[in-house]
Structures are given as structure tokens and as C-alpha cells.
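# Analysis of the macromolecular model
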Amino acid sequence: MSEDASENKGAADSLQSFQSMNINDGDQENNQKSDKQKIDILLKPTGNAPIMKKKKWTVEGDKPISWIAEFMKRYMKLEPQEKLFLYVNQTFAPSPDQIMKNLYDCYSTEGKLVLHYCKTPAWG
Amino acid sequence: MANDREILREVWEGKLPISFQLDPDEVVELQQPDPFYLMVPRLSYFPLVTDKVRKHFLRYVANDKQDREMWLEYDGQPMKWHYPIGVLYDLLITSDDQLPWNITVHFDKFPENQIYKFSNKETVESYFMACLKEADVLKHRGQIASNMQKKDHNQLWLGLQNDKFDQFWAVNRKLMEVSQEQEHFKYIPFKCYLDDGYRQKLIKPVDEDGRRKTLQDLINEMFPGKNVVIKTHGMIPPLETPLQWMSEHLSYPDNFLHLCVQT
């Protein structure tokens with residue numbers, strides 16, 4: 001298993017740079033009103049990730065994963081070149097353009113969406 | 001599981017003729033380059049099929065732009081490389097009279113605030129595998145993908161990258177299997193594309209009475225009270241098509257149904 005993880009590392013690194021890239025397409029006003037719904041998220045560190053003092057956040061449903069990742073990097077004062085990986089269900093890394101509402105609708109438990117984060121790839 | 005194997009092959013073999021042209025403003029040679037024509041698989045991703053396009057145009061652009069990331073544009077819009085090619089076509093093109101698909105190639109002014117950069121094919125691979133795992137979470141609680149070996153993952157990726165149907169499906173059929181006690185997936189992995197992105201929800205392939213749900217049921221759950229037309233793989237599937245069958249036969253290689261919504 002650990003061998004597999006190191007084999008995957010290159011690919012996972014690329015994914016990360018992709019995941020944390022923020023795209024502000026400027027036409028978020030066009031989004032459906034339902035996406036403005038507030039989503040409760042719970043951020044859980046894993047591996048060597050720094051702990052965030054505030055774990056529970058409320059975000060707008062139309063915010064993409066890339067926005068959350070950038071926000072967390074700023075909050076934890078990570079260097080711009082440091083990497084942050086976000087996972088859903090401790091299984092997969094959602095696409096950077098995936099919005100919170102979609103993730104909440106599919107993967108929330110007990111009214112909130114749990115996102116695990118780490119600085120090295122956790123679940124290839 | 002998939003008995004209608006010829007349908008899987010038909011879908012796999014879907015191709016689009018594309019004429020790539022370098023943006024005339026980026027040409028530094030006296031002579032304009034010829035367009036570059038390619039038949040590309042609908043199921044693939046642009047970064048996997050455009051190496052030759054890049055090579056063809058490279059010597060026509062300024063030296064200092066040659067190692068920049070190439071990007072593609074259609075009708076003023078930068079193309080999202082992380083959408084499958086067939087999805088981009090179904091979203092952007094309304095009529096097949098417009099073939100070949102005219103796409104403009106750029107090396108300059110990468111629109112970083114509109115599309116993602118990909119540094120190499122590994123970026124596409126890790127993105128693709130993440131989609132596949134998500135689909136398996138929806139279908140089988142993620143148990144099949146996570147129990148696979150690294151070589152199975154490689155085989156899926158190489159099958160897609162090299163356009164090898166048998167190689168890909170030898171592994172993918174495991175992801176499309178249903179258990180003996182339950183003859184369907186837990187949920188159907190799908191994305192419904194609208195003008196401003198895509199929507200996902202949990203939709204089961206059967207209702208409480210065990211009746212097989214159809215595309216019409218999906219539309220009713222996603223867009224209550226609205227009249228919408230769903231397009232995928234360049235066709236409009238009949239509304240009575242069962243969702244379980246669609247998921248097994250019309251999913252893209254990432255194991256998601258990519259449904260373009262026309263209102």
C-alpha cells in the first residue's frame with residue numbers, strides 16, 4: 001500500500017495544484033438562487049495537517065472547492081507553494097470546480113459536509 | 001451487467017472531426033500554417049489527443065511562447081480540458097452542419113481566470129481517477145475502486161489514453177457490476193450540465209416499490225415542473241430509458257453520465 005502511495009505521488013501533486021487553483025469567473029450572479037443556500041461544512045485535519053482553530057464553517061452553496069482550498073491556505077497561513085489536499089468521504093478528491101451544494105446534496109451526513117484536509121496525498 | 005456490449009463499443013467509437021487553427025495574431029512566420037485536422041474520440045480529453053496539434057503549430061509562434069501551455073478556444077470561449085470532448089461538443093454545438101468543428105489554438109494569454117492549467121498528463125490522470133472513485137462511492141460505496149490494485153487503475157487509464165476498448169472494459173466491467181442481492185447501483189453517478197456549471201444529486205435507480213426509474217424520473221427530480229431535453233453522446237435518449245441501463249451503457253469512462261440539459 002505505501003509503495004502505491006509513493007507511485008501515485010506525482011499524479012496527486014498535479015491534482016493538488018489543480019484543486020487549489022481559484023477561478024473567479026465573475027458570473028456567479030447568474031447561478032440559480034438555490035445555490036445561494038448556506039452549507040455547513042466541517043473541516044477535519046488528517047496526517048500532518050495543521051489544525052484549524054475554527055472547524056465549522058458556513059459557506060454559500062455556489063462556492064467551488066478551489067475557493068475553499070484557497071481560503072483554508074490563507075487561514076492557516078500556508079506558503080503559496082505549500083499544498084493542500086481536500087477529500088470527501090475520506091475517499092476521493094473533488095474537482096476544483098465542484099460546488100459545495102452538489103457535494104452537500106450527495107455526501108453530507110447529519111446536516112453537514114465533512115471535508116478532510118492534509119498537506120500530502122492521503123487517499124490516492 | 002452490460003449485455004448490450006455492441007452499444008458500449010458504439011459509444012466508445014464515437015468520434016468528432018476537428019479542424020484546429022492557430023490564432024492568426026500569434027503567427028510570426030510569413031506564411032500562415034495550414035489547419036490541422038484530427039478525428040478525436042468523444043470520450044477522451046483534449047490534453048490526451050492534442051500533442052500532434054501542438055507540434056504542428058509550434059514553429060509558427062514566437063520563440064518565447066513555444067514552451068507555454070497551449071489552450072483551445074471555440075466561439076470566444078476557452079475550452080475546459082477537464083470536461084470530456086463529447087460533453088464540450090454537446091454543450092457548445094447545436095447542429096452537426098457545423099462539422100468539422102473549428103477550434104482556435106493559442107499559446108499566448110492563457111485565460112487563467114477562466115480555465116485550469118494542466119502541467120502534464122498526470123494531472124489529467126489524477127483528475128480522471130478521482131472522478132472514477134467518486135462514481136464508485138455513489139454506486140458501490142467506493143468498495144470496488146478502493147479494492148482494485150494499482151495495475152487495474154493503470155489499465156483503465158492506459159485503455160482510455162490509448163483508445164483501447166478491450167483493455168479499458170476488462171477492468172471497467174468490474175466497476176459496472178451489481179451485487180447478487182441487489183440488481184442495481186446504490187445511486188446513479190451523473191452530472192447535469194447547465195449554462196453555469198453542473199448539478200449533482202443522489203438519485204436511486206429504483207423507487208420504493210422496486211420499479212426501475214427512468215430518465216423522465218431523473219428530470220422530474222432534478223428540474224421539477226420544467227420541460228427539459230437531455231442530450232448525451234450527441235443524441236437525445238428516450239425518456240423511458242431506465243437509469244440503471246443508462247448508467248451501465250452510456251456513462252463516460254469516468255463512470256459518470258454526462259447529461260447536457262437544454263431548456
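Residues numbered from 1 in each chain as written. Chains lettered and ligands numbered in written order. Predicted model: local features only at pLDDT ≥ 70, side-chain atom pairs only at ≥ 80, totals over all residues. Heavy atoms only, no water.

In the annotation of an unreviewed UniProt entry, the entry for chain B reads Autophagy protein 5, and the organism field reads Tribolium castaneum. Turning to chain B, the UniProt record has this under Sequence similarities (unreviewed entry): "Belongs to the ATG5 family." (UniProt positions renumbered as here; feature names shortened; annotations may be inferred.)

Per an unreviewed UniProt entry, chain A goes by Ubiquitin-like protein ATG12 and derives from Tribolium castaneum. Under the heading Sequence similarities (unreviewed entry), UniProt records this for chain A: "Belongs to the ATG12 family."

### Re the overall build of chain A
Check the secondary structure of chain A and you find three helices and four strands. Its helices and strands in sequence order give chain A the pattern α-β-β-α-β-α-β, from N to C terminus. Taken across its 124 residues, chain A has 47% of its residues classed as buried. For chain A, the share of sequence-separated contacts (at least 6 apart) that also reach a separation of at least 24 residues comes to 69%. (Helix = DSSP H or I, 4+ residues; strand = E, 2+ residues; numbered from the N terminus. Buried < 20%, exposed > 50% of the residue type's maximum accessible area, 1.4 Å probe, protein only. Contact = heavy atoms within 4.5 Å.)

### Overview of unusual backbone geometry
All names here are of chain A. A positive phi is found at Lys77, a non-glycine position, where the angle reads about 55°. By the element assignment, Lys77 lies in the loop between helix 2 (65–75) and strand 3 (85–88). Of the residues examined, Lys77 reaches a relative accessible area of 71% and is grouped as exposed. In this model, Asn89 sits at a positive phi of 55°, which is unusual for a non-glycine residue.

### Focus: the sheet that holds strand 4 (residues 113–118) of chain A
Residue and element names in this part refer to chain A. Taken in spatial order, the four strands make up an open sheet running 2-1-4-3, and their pairing is mixed. Looking at which strands have only one partner, the edges of the open sheet turn out to be strand 2 (56–60) and strand 3. Strand-to-strand twist in this sheet, taken as the mean axis angle between neighbours without regard to direction, amounts to 35°. Examined bridge by bridge, strand 3 and strand 4 share four bridges and lie antiparallel to one another. Note that in strand 4 the partner of Phe85 across the bridge is Cys118. (Pairing = 2+ DSSP bridges. Axes fitted to C-alpha atoms, helices over the stretch in contact; angles between N-to-C directions.)

### Here's the deal with the packing of helix 1 (residues 5–13) of chain B against helix 8 (residues 165–175) of chain B
All names here are of chain B. Across the interface, helix 1 lies against helix 8 with an axial gap of 11 Å and an inter-helix angle of 125°. Viewed along their axes, helix 1 and helix 8 adopt a mutual orientation that is oblique. For the pair helix 1 and helix 8, the crossing hand works out as right-handed. Between helix 1 and helix 8, the contacting residues are Arg5, Leu8, Arg9 and Trp12 on the first element and Phe165, Asp166, Phe168 and Trp169 on the second. Taken together, the residues of the contact of helix 1 with helix 8 sort by class into five nonpolar, no polar and three charged. (Parallel < 35°, antiparallel > 145°, perpendicular 65-115°, else oblique. Left-handed = near helix turned anticlockwise from the far one by under 90°. Nonpolar A, V, L, I, M, F, W, Y, C, P; charged D, E, K, R; others polar.)

### Focus on the environment of Pro41 of chain B
As for its position among the elements, Pro41 of chain B is in strand 2 (residues 36–41). In this structure, the C-alpha to C-alpha distance between Pro41 of chain B and Asp163 of chain B, residues 122 residues apart in sequence, is 7.9 Å.

### Quick notes on the environment of Leu43 of chain B
Residue and element names in this part refer to chain B. With respect to the helices, strands and loops of the structure, Leu43 is situated in the loop between strand 2 and helix 2 (46–49). In the structure, Leu43 is positioned 204 residues away from Ser247 in sequence and 15 Å away in space, judged by C-alpha atoms. If sequence neighbours within four positions are ignored, Leu43 has contacts with Val11, Trp12, Pro84, Leu160, His233, Tyr252 and Pro253.

### Quick word on the domain arrangement of chain B
Residues and elements named next belong to chain B. Looking at chain B, the domain boundaries give domain 1 (15–106) and domain 2 (122–262). On a C-alpha basis, the centroid separation for the pair domain 1 and domain 2 is 28 Å. At the interface, 18 residues of domain 1 touch 21 residues of domain 2. Both faces considered, domain 1 and domain 2 share a buried interface measuring about 1,600 Å² in area, 71% of it formed by carbon and sulfur atoms. (Domains from an automatic or database assignment. Buried area = accessible area lost by both parts, 1.4 Å probe.)

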